There are 2 protein chains.
Amino acid sequence: MSTKSKIIYTLTDEAPALATASLLPIIRTFSSTADIEVDLSDISLAGRILSAFPERLTEEQRVEDGLAFLGDLTKDPEANIIKLPNISASVPQLRAAIKELKEQGYDIPEFAENPQTDEEKDANARYAKILGSAVNPVLRQGNSDRRAPAAVKAFARKFPHSMGKWSKASRSHADYMRSGDFFSSEQSITMADAGDVRIEFVAEGGQPELKKELSLDKGEVLDGMFMSAKALDAFFEETLQDCKESGVMWSLHVKATMMKVSHPIVFGHAVRVFYREVFDKYGELFDEIGVNPNNGMSSVYEKIKTLPQSTQDEIEEAIHACYEHRPEMAMVDSVKGITNLHIPSDVIVDASMPAMIRSSGQMWGRDGKTKDTKAVMPESTYARIYQEVINFCKTNGAFDPTTMGTVPNVGLMAMKAEEYGSHDKTFEVQADGVMRVVDAAGNVLMQHNVEKGDIWRACQTKDPAIRDWVKLAVTRSRQSNTPAVFWLDQERAHDLELTKKVKEYLKEHDTEGLEIHIMSYNEAIRFSMERMIRGLDTISVSGNVLRDYLTDLFPIMELGTSAKMLSIVPMLAGGGMYETGAGGSAPKHVQQVEQENHLRWDSLGEFLALGVSLEELGIKQNNARAKVLAAALDKATERLLENGKSPSRKAGELDNRGSHFYLAMYWAQEVAAQTEDADLAAEFKPLADALTENEQKIVEELNAVQGKPAELDGYYHANLDVVAKVMRPSATFNQILDGFCK
Amino acid sequence: MSTKSKIIYTLTDEAPALATASLLPIIRTFSSTADIEVDLSDISLAGRILSAFPERLTEEQRVEDGLAFLGDLTKDPEANIIKLPNISASVPQLRAAIKELKEQGYDIPEFAENPQTDEEKDANARYAKILGSAVNPVLRQGNSDRRAPAAVKAFARKFPHSMGKWSKASRSHADYMRSGDFFSSEQSITMADAGDVRIEFVAEGGQPELKKELSLDKGEVLDGMFMSAKALDAFFEETLQDCKESGVMWSLHVKATMMKVSHPIVFGHAVRVFYREVFDKYGELFDEIGVNPNNGMSSVYEKIKTLPQSTQDEIEEAIHACYEHRPEMAMVDSVKGITNLHIPSDVIVDASMPAMIRSSGQMWGRDGKTKDTKAVMPESTYARIYQEVINFCKTNGAFDPTTMGTVPNVGLMAMKAEEYGSHDKTFEVQADGVMRVVDAAGNVLMQHNVEKGDIWRACQTKDPAIRDWVKLAVTRSRQSNTPAVFWLDQERAHDLELTKKVKEYLKEHDTEGLEIHIMSYNEAIRFSMERMIRGLDTISVSGNVLRDYLTDLFPIMELGTSAKMLSIVPMLAGGGMYETGAGGSAPKHVQQVEQENHLRWDSLGEFLALGVSLEELGIKQNNARAKVLAAALDKATERLLENGKSPSRKAGELDNRGSHFYLAMYWAQEVAAQTEDADLAAEFKPLADALTENEQKIVEELNAVQGKPAELDGYYHANLDVVAKVMRPSATFNQILDGFCK
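Note that the structure is a prediction, hence the values are computed from the model and not measured.

Colleague: I would appreciate a short explanation of the UniProt feature "binding site: D-threo-isocitrate" (unreviewed entry) in chain A in the present structure.
Modeller: All names here are of chain A. The sites that UniProt annotates as "binding site: D-threo-isocitrate" (unreviewed entry) are Arg146 and Arg547. Despite a sequence span of 402 residues, these residues sit close together in the fold, their greatest C-alpha distance being 8.9 Å. Within the fold, Arg146 resides in strand E4 (residues 144–147). Judged by its relative accessible area of 23%, Arg146 is partly exposed. Among residues more than four places away in sequence, those in contact with Arg146 are Arg140, Pro408, Asn409, Arg547, Thr551, Met565, Leu566 and Ser567. Tracing the backbone through its elements, the reader meets Arg547 in helix H19 (residues 544–558).

In structure tokens form, the structure reads like this:
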């Protein structure tokens, strides 16, 4: 890389790509004053397609492989990447893009339904690397750093979202297994040397059956644990009885999406216990017609449609009979009668629990009223933190967004750390026996006596990921002058292994003057909450699952949504990626532009990512002006939010472009007003003045073009010049901006 | 003092004195093997009377002034005193004792109703020092060390008391002021030098009015704080509204007995708010007839009796009308209709809250059923710990006496430390103005803007008391190998002053290898409870009020009662006093002896005190045999409890004497069985054998004398030889015991 400061901005697809046409010139203008170059790297679907077939394109048509470039860049300690949402292409999207490119004269091959020829096979192999979620795995080469940006936090403090009051007499609570769950059985080892291990199942009196082979690195942490099916069923029954007795509504909160192997099974157990009589009576029939309780009651309703009406009626009656003696169950949709047990992906713990806590600890009942509820989360490892929060809210009332501190997260994520419950190392045990992990020499590293139906899983965490995580925690603590708490439970085998490493790796850093703690989850969340209600901030330094849970829990309390969080991936190699926005690339927004030339896309995520990109660049490259720009940008974003200059949804009103103008104006004003760098302030003064003076004119020009169709000359591969014209319709604004450029 | 190990056993009155006649010979016999002398010091009422008039008695009749002797002894670092309950004489008791002594030929003066002559005045002045609670103030020259003895703890583990189950859906909770209470306004200073200060009230536009002068020592901590009457009333109203809305029962928990100035006022506020309409309408009338709401509704019912029946009926109707719109109130006696607001001393927080927590978080309702309740405790300083316990029980269920650890207490008590809320430094403010503390030079040390009705109080804590408290905490932590937690809230002004001293004084001790923490009350109780449910012990090192609260709270959970706790006062000078039993000297037990020669007095307190007396002596004087005897005694006490060898209440069954025999037998067996001191074991073998062989015979002899009257030859001043004969009726037991004596 050149020694000049450089930011790589990603050219993606659809709405974010349109927004970039308007925003990037502003960013480049401002950045240039700090000697920062902003390069565009094309990782759009079209770009990725074109870069896959250079030999079929003319010299002029060829494009660089942006993703490959970025993939390499992640290994560069100077990398500074702002990553906008891109299309995770489905096959129809891929086909549409190919069609468009061919129409534009690019000689690329079709994506064959059934590739026959070598050429077709070769083409499809190249397309395979473009399909689906192809970008994140390449770019996310580090741990996770998520925080509420200052501007967003300040906005939430001034314009707080609604928070349901908590009654001290609330009956709501979290309930979890006290034994027989993953927490109780967890074993953990750290590899003294690199080596291969086998996960085996040995049925009673049988031979070892290989379930999985793993190649482990030196220093890698490997865990094994299981959940007893019997204990799980007994636990579910107990929670149902308890609800029946106490009159509190029953609800189940699992994470069947991310823990996509283990949690649907857990969900299936709940379905079978709740509707025990139904499954007792119709179990065999259900097996025949292919009912899978892991898919929820929707599976029952769907599959029984093949049965005679009288049988269907009988089964539905049996289902209704269950409701008679079971407690009330929380509803996903009380109007449509969709219960908590209908589909496993409807109630996802990391979103559903914060929602419940925000709603006075209540969920929706069958009668459409909100009610106190027992939140059942079998795995005690993480469920306990929710009970801690509930107790805290009962004691202190609902959190107050206008005064509460913030809890940013430093999450262990690199190199697929702690990918629990999902994927290739989770097994539903098929017979009574032993699950064990054996090394190449035949030594048993860990083993569990299991029974048919138990859920066993292993989990890997690589040493460099942990080491980097510790470094990131110290860095964040230092940079934000905020206490950092490692959430490590000394009663968990895995966390004990991690604690040793954390203590060791902390020695590699200057922690003088920093407040760094190691606490159990309950201690940590209590400590954080006690600080939070006093307006104090605390960094949570957590494993991967808690990263996921906490970056929903705290943001939803603090900001009303987790979508406004800054999401940073500081790469293992030293560079940084700044992700913008949550969610996709908004095709509907593009339609609106095509129809009435109004782009409702909110670039808040880009503003925030840019702020931190500049800040980090300032710190790493000792670029003082970058720091000044970053601070001013944060203030500008704050004013933008406060003054309601985010895009409207309606044509004729301020849209994405107008929002960019206000950002530019506020940003220029803030740079001009700051006193840290007087030269820079002076430099920006004329720009600030010009934008301020012409505010009304520019906004009028920006709004005037709206209301009629806009031609982008392409969808997946729009003409960038055309797009630039559409997205920069204010001559006054363009002139002022261009005039500022050196 | 001689260098020989010596224990001073107190001769007191009534039942404990009778028990001593049987127990002391056993104690002396066993102690002699460790070269320990057990002296008897007479602090009985009769002894104190006789020692007050030496000039009127013959040489033979004269008795040593036991209390004066012990008072001196408290200054001796070698002091080792076992203090049994004694009579706190009322005037009638004093008269009866004088009468008895005169009849026995002692020429002592009468206690004159209206002393006229110099002689009468002189006599009454001497008697004044004997009346009332005259012993404890002389002897309690130190901080407090209270613990559950090992034997008692073991018994509770094997034979647990009942514990009400906790529902996770319980609505019970503690409620306390969030502002305007003592906690919020507390100010605290440490005196740089000794000096006099004045507590003054300055009414708006008025002159300073002296409320109290204090002479403070160098290093003494002085606090000032107040509770806002307006905030208190608003808080009460809010709790009532909240209960009305949520349907949870309302209850008030104060400490009107110990905090005898401030808490009756707080109670009075609750009465006036709950029955607002009654006091609004009849307030003036109530003033006329002398109703004092600080004495509860009983005062209303009592005083209105002087009014015409029709007015009485009207008032009672108005009272009943209040119940219509107020929430249900917890009852002291639902049958008799005695509510929580009837008398301020009925519900005492340190006893009532543990009782509620032991009873599933419930109290009695008007209909005689137990119900979830809001426990209102205005002062947040201490109330918060109960909410923490309640949350803990909701989360983890009721405590389990069979597995739970213990939380002994080291309490700051010496030199009247932290005597909050009572006595001479608490004032109900009579007008709007300023309460302030001013030093001799006129500097204002602290001040509060107060309003009419506010409750202002000051509190003193002397430096040597704090220093000794720290030492005691370290000593106890070392001796019991148990973590010690100083309960000091860094958000409290007083505790901040104490924390500085604690940190300073901790340096004076070897704390190597000890786990010593400083935690806020909530952290401390949570930490202790988390350890407790894992079977681990934690010493609470607390101020005086928490000492009082915690030595009820934890014992009631652990042992079912606080009466079985060891209560030790390690004197500031270095000696130790071991108090036995809670409660008085049981005159009814003496009556039973006189009528049917059965003493139901339980000497468990003496056994426990003796155990620790021996243990401490062993440690301090490096007397290994004393340690062995102590350990064996603990085991013996444990077996005695387990085998049900405590006194029965019925004549003809095992009584106090039989219980002593079993203690002796078990104790001898345990010494004979221990392997630490083989010589001592060998020495005790014959005694153990003889007692074991003759068990049946001895018990028969002890029980045979029962059922007919016993003559003690005196009540306040019984003939000790006669008493000895009555209390040692087994020739076999006496012979074996006497034969063992060297």
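Colleague: Would you explain helix H25 (residues 695–704) of chain A in this entry?
Modeller: Two residues of an α-helix separated by three or four positions point the same way, owing to the 3.6 residues in each turn. All names here are of chain A. Along H25, the positions that sit buried rather than exposed are Ile698, Val699, Leu702 and Asn703. Mapping the buried residues of H25 onto a view down its axis gives an arc of 130°, with all of them on the same face. Residues of H25 that are exposed and angled more than 90 degrees away from the buried face: Gln696 and Ala704.

Colleague: Can you help me understand the sheet that holds strand E4 (residues 144–147) of chain B in this one?
Modeller: Residue and element names in this part refer to chain B. Ordered in space as E2-E1-E3-E24-E23-E4-E15-E22-E20-E21, the 10 strands form an open sheet in which the pairing is mixed. A single partner strand is all that each edge strand has here, and the edge strands are strand E2 (36–42) and strand E21 (516–519). The sheet shows a mean angle of 20° between the axes of neighbouring strands, taken without regard to direction. Relative to strand E15 (residues 409–411), E4 is paired through 3 bridges, and the arrangement is antiparallel. Bridge assignment links Asp145 to a residue of E15, and that residue is Val410.

Colleague: Please explain the environment of Gly142 of chain A as it appears in this structure.
Modeller: Residues and elements named next belong to chain A. Among the structural elements, Gly142 can be located in the loop between helix H6 (136–139) and E4. Taking relative accessible area as the criterion, Gly142 reaches 1% and is therefore assigned buried. Sequence separation between Gly142 and Ala351 is 209 residues; the distance between their C-alpha atoms is 24 Å. When sequence neighbours within four positions are dropped, the list of residues in contact with Gly142 reads Met413, Ala414, Val569, Pro570, Met571 and Leu572.

Colleague: Explain the environment of Asp313 of chain A to me, please; I cannot follow it from the model alone.
Modeller: Residues and elements named next belong to chain A. Looking at where Asp313 falls in the secondary structure, it is placed in helix H13 (residues 309–325). Accessibility expressed as a relative area gives 38% for Asp313, which makes it partly exposed. Put simply, Asp313 and Tyr505 are 192 residues apart on the chain and 64 Å apart in space, counted from C-alpha to C-alpha.

Colleague: Would you explain the pattern of salt bridges in this entry?
Modeller: Where charged atoms from two side chains of opposite charge come close, those side chains can pair. All names here are of chain B. For the structure on display, the rule yields 109 salt bridges over all chains. Of the charged contacts, one joins Arg56 and Asp107 as a salt bridge, the two residues approaching to 3.4 Å between their closest N and O atoms. Note that Arg56 is positioned in the loop between helix H2 (45–52) and helix H3 (66–73) and Asp107 in the loop between helix H4 (91–103) and helix H5 (118–128), a separation of 51 residues in sequence. The exposure class of Arg56 is partly exposed, given its relative accessible area of 24%. The class of Asp107 is partly exposed, set by a relative accessible area of 42%.

Colleague: Quick question: what am I supposed to make of the relation of the copies chain B and chain A here?
Modeller: Note on the chain copies: they are related by a rotation about an axis and a translation along it. Least-squares fitting of chain B to chain A yields an RMSD of 0.1 Å, with the transformation described by 0.1 Å of translation along the axis and a rotation of 180°. Taken together, the turn and the small shift mark the pair as related by a two-fold rotation axis. A share of 100% of interface residues in chain B that are also interface residues in chain A marks the association as one of identical surfaces.

Colleague: I keep staring at the packing of aromatic side chains and nothing clicks. Help me out?
Modeller: The geometry of an aromatic ring pair is captured by the separation of the ring centres together with the interplanar angle, meaning the angle of the planes. Residue and element names in this part refer to chain A. Under the defined criterion, the tally for this structure stands at 46 aromatic pairs over all chains. Ring geometry for Phe155 and Phe159: centres 5.1 Å apart, planes at 40°, overall tilted. Note on Phe159: relative accessible area 43%, which makes it partly exposed. Centre to centre, the rings of Phe274 and Tyr275 are 4.9 Å apart; their planes meet at 55°, and the pair counts as tilted. Residue Phe274 shares its accessibility class with Tyr275, and that shared class is buried. Clustering of aromatic rings is evident, with ring pairs tying together Phe30, Trp667, Phe684 and Phe740. In this arrangement the basic side chain of Arg366 is found over the ring face of Tyr323, its NZ or CZ atom lying 4.5 Å from the centre. One Lys or Arg, Arg384, reaches over the ring of Phe183 and ends 4.6 Å from the middle of that ring.

Colleague: How do you make sense of the pairing of strand E14 (residues 370–376) of chain A when you look at a structure like this?
Modeller: Each regular strand displays side chains that alternate between the two surfaces of the sheet. All names here are of chain A. Most of E14 sits inside the fold, with 5 of its 7 residues counted as buried. In terms of strand pairing, strand E5 (residues 173–175) meets E14 through 3 bridges, oriented parallel. Bridge assignment links Asp175 to a residue of E14, and that residue is Val376. As paired elements, strand E10 (residues 249–252) and E14 share 4 bridges and run parallel to each other. Each residue of the ladder has a partner; that of Ser251, found in E14, is Ala375. Strand direction decides the pairing type here: strand E13 (residues 362–364) and E14, joined by 3 bridges, are antiparallel. Its bridge partner being in E14, Met363 is matched across the sheet by Lys371.

Colleague: Would you mind going over the packing of helix H11 (residues 276–289) of chain A against H13 of chain A with me for this structure?
Modeller: How two helices pack is summed up by the angle between their axes together with the distance between the axes. All names here are of chain A. Between H11 and H13, whose axes approach to 9 Å, the crossing angle comes to 155°. Classified by the angle between their axes, H11 and H13 sit roughly antiparallel to one another. The way H11 lies across H13 gives a crossing that is left-handed. Touching Glu277, Val278, Tyr282, Leu285 and Phe286 of H11 are Thr311, Glu314, Ile315, Ala318, Ile319, Cys322 and His325, all from H13.

Colleague: Quick question: what am I supposed to make of the side chain of Asn623 of chain B here?
Modeller: All names here are of chain B. With respect to the secondary-structure elements, Asn623 resides in the loop between helix H21 (604–620) and helix H22 (624–642). The exposure class of Asn623 is buried, given its relative accessible area of 11%. Those residues within four positions of Asn623 in sequence are excluded, and the remaining contacts are Ser5, Ala34, Ile36, Leu617 and Gly618.

Colleague: I would appreciate a short explanation of the UniProt feature "site: Critical for catalysis" (unreviewed entry) in chain A in the present structure.
Modeller: Mapped onto this structure's residue numbering, the UniProt feature "site: Critical for catalysis" (unreviewed entry) falls at Lys255 and Tyr420 of chain A. With sequence-adjacent residues up to four places away left out, Lys255 of chain A is seen in contact with His263, Ile348, Val349, Asp350, Asp548 and Tyr549 of chain A.

Colleague: Any chance you could explain unusual backbone geometry here in plain terms?
Modeller: Note: most residues except glycine have negative phi, and most peptide bonds are trans. Of note, Ser360 of chain A is a non-glycine position whose phi angle comes to about 60°, a positive value. Residue placement: Ser360 of chain A occurs in the loop between helix H14 (349–358) and E13. For Ser360 of chain A, a relative accessible area of 17% gives the class buried. A positive phi is found at Lys416 of chain B, a non-glycine position, where the angle reads about 55°. Within the secondary structure layout, Lys416 of chain B lies in the loop between E15 and strand E16 (426–428). Since its relative accessible area comes to 68%, Lys416 of chain B is described here as exposed.

Colleague: I would appreciate a short explanation of the interface of chain B and chain A in the present structure.
Modeller: How big an interface is tends to be expressed through the accessible area that disappears when the partners come together. Facing 23 residues of chain B, the contacting portion of chain A comprises 23 residues. Regarding the contact of chain B and chain A, the summed buried area is about 1800 Å², with carbon and sulfur atoms giving 35% of it. Among the residues of chain B in contact with chain A, Lys168, Ala169 and Thr395 of chain B are the three that bury the most area, contributing 30% of the side total. Our count for the chain B to chain A interface comes out at 6 salt bridges.

Colleague: Just checking my understanding: could you explain the sheet that holds strand E7 (residues 195–203) of chain A for this structure?
Modeller: To summarise the sheet geometry, strands pair through backbone hydrogen bonds and adopt either a parallel or an antiparallel arrangement. Residue and element names in this part refer to chain A. Spatially, E8-E7-E17-E18 is the arrangement adopted by the 4 strands of the open sheet, whose pairing is antiparallel. The open sheet has two edge strands with one neighbour each: strand E8 (208–216) and strand E18 (444–450). Strand after strand, the sheet turns through a mean of 15° between neighbouring axes, direction not considered. Strand direction decides the pairing type here: E7 and E8, joined by 8 bridges, are antiparallel. Counterpart to Gly195 in the pairing with E8 is Leu216.

Colleague: Where do I start with the packing of helix H16 (residues 463–480) of chain B against helix H17 (residues 493–506) of chain B in this structure?
Modeller: Residue and element names in this part refer to chain B. Between H16 and H17, the least distance of the axes is 9 Å, while the angle of their chain directions is 55°. Comparing the axis directions of H16 and H17 gives the class oblique. As H16 packs across H17, the resulting crossing turns out to be right-handed. Along its contact with H16, which presents Asp463, Ile466, Arg467, Trp469, Val470 and Val474, the element H17 presents Leu498, Lys501, Val502, Tyr505 and Leu506. Along the lines of polarity and charge, the residues of the contact of H16 with H17 split into 8 nonpolar, no polar and 3 charged.

Colleague: Explain the side chain of Asp145 of chain A to me, please; I cannot follow it from the model alone.
Modeller: All names here are of chain A. For Asp145, the location among the structural elements is in strand E4. For Asp145, the side chain forms a polar contact with the side chain of Arg147, separated by 2.7 Å. Apart from residues no more than four positions distant in its own chain, Asp145 is found in contact with Asn409, Leu472, Arg476, Leu566, Ser567, Ile568 and Pro570.

Definitions and cut-offs
Residues numbered from 1 in each chain as written. Chains lettered and ligands numbered in written order. Predicted model: local features only at pLDDT ≥ 70, side-chain atom pairs only at ≥ 80, totals over all residues. Heavy atoms only, no water. UniProt positions renumbered as here; feature names shortened; annotations may be inferred. Helix = DSSP H or I, 4+ residues; strand = E, 2+ residues; numbered from the N terminus. Buried < 20%, exposed > 50% of the residue type's maximum accessible area, 1.4 Å probe, protein only. Contact = heavy atoms within 4.5 Å. Arc of directions from axis to C-beta. Pairing = 2+ DSSP bridges. Axes fitted to C-alpha atoms, helices over the stretch in contact; angles between N-to-C directions. Salt bridge = Lys/Arg side-chain N within 4 Å of Asp/Glu carboxyl O. Least-squares fit on C-alpha atoms with pLDDT ≥ 70 in both. Phe/Tyr/Trp six-rings, centres within 6.5 Å; stacked < 30°, edge-to-face > 60°. Lys NZ or Arg CZ within 6 Å of the ring centre and 35° of its normal. Parallel < 35°, antiparallel > 145°, perpendicular 65-115°, else oblique. Left-handed = near helix turned anticlockwise from the far one by under 90°. Buried area = accessible area lost by both parts, 1.4 Å probe. Nonpolar A, V, L, I, M, F, W, Y, C, P; charged D, E, K, R; others polar. Polar contact = N/O pair within 3.5 Å; in protein donor to acceptor, adjacent residues only side chain to side chain.

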